[in-house]
Amino acid sequence: MIHYDIQKPVLSPQFTLDDIHKIREWDYERLKDATVEEQLGLIHREAAEAWARFDAYRAQQYALKSHP
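Computed from a prediction, not measured in an experiment: that's the story for all the values here.

Asks: Explanation requested: the packing of aromatic side chains in the structure shown.
Replies: Two descriptors summarise a pair of aromatic rings, namely the distance from one centre to the other and the angle between the planes of the rings. Applying the stated criterion across every chain, the model contains one aromatic pair. When the centroid spacing of 5.6 Å and the interplanar angle of 85° are considered together, the rings of Trp51 and Phe54 count as edge-to-face. With Trp51 and Phe54 both in helix H2 (residues 36–66) and three residues apart, this pair spans about one turn of that helix. By relative accessible area, which is 45% here, Phe54 ends up partly exposed.

Asks: What's the story with unusual backbone geometry in this structure? I'm lost.
Replies: One non-glycine residue, Phe15, adopts positive backbone phi at about 50°. Looking at the secondary structure, you find Phe15 in the segment before helix H1 (17–31). Residue classification places Phe15 among the partly exposed residues on the basis of a relative accessible area of 44%.

Asks: Looking at this structure, how should I read the environment of Asp27?
Replies: Considering the arrangement of structural elements, one finds Asp27 in helix H1. Considering only alpha carbons, one finds Asp27 and Ile2, 25 residues apart in sequence, at a separation of 10 Å. Polar side-chain contacts of Asp27 include one of 3.2 Å to the side chain of Arg30.

About the cut-offs
- The residue count restarts for each chain, going from 1 along the sequence in the order it is written.
- Predicted model: local features are reported for residues with pLDDT of at least 70 only, side-chain atom pairs are reported and counted for 80 or more only, and whole-chain, interface and lining totals are derived from all residues.
- Side-chain measures were taken over the full set of non-hydrogen atoms in the model, leaving aside hydrogen atoms and water.
- Each pair of aromatic rings taken from Phe, Tyr and Trp, with Trp reduced to its six-membered ring, is defined by centres within 6.5 Å and is described as stacked if the planes are under 30 degrees apart, edge-to-face if over 60, and tilted in the remaining cases.
- Working definition: helices are DSSP H or I runs of at least four residues, strands are E runs of at least two. Numbering for both runs from the N terminus.
- When accessible area is computed with a 1.4 Å probe and restricted to protein chains, residues below 20% of their type maximum are described as buried, those above 50% as exposed, and intermediate ones as partly exposed.
- Think of a polar contact as two N or O atoms within 3.5 Å of one another; within protein, one of them needs to be a possible hydrogen donor and the other a possible acceptor, and neighboring residues in sequence only count if both atoms come from side chains.

So, in structure tokens, the structure goes:
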């Protein structure tokens, strides 16, 4: 079971080593009870969302260059 109720850590503007530790601890806590299948499902969903954002950004940049 993935714990979606665990709040994301607050990161400093400088993004320090402590921030990396916070992220790793948060990720461990929310996934510690998840099965491998649940973890892979989450990875695939988040990756698909990231690719969609990348594609939208690329399309926007292409449109800006094509139509001055």
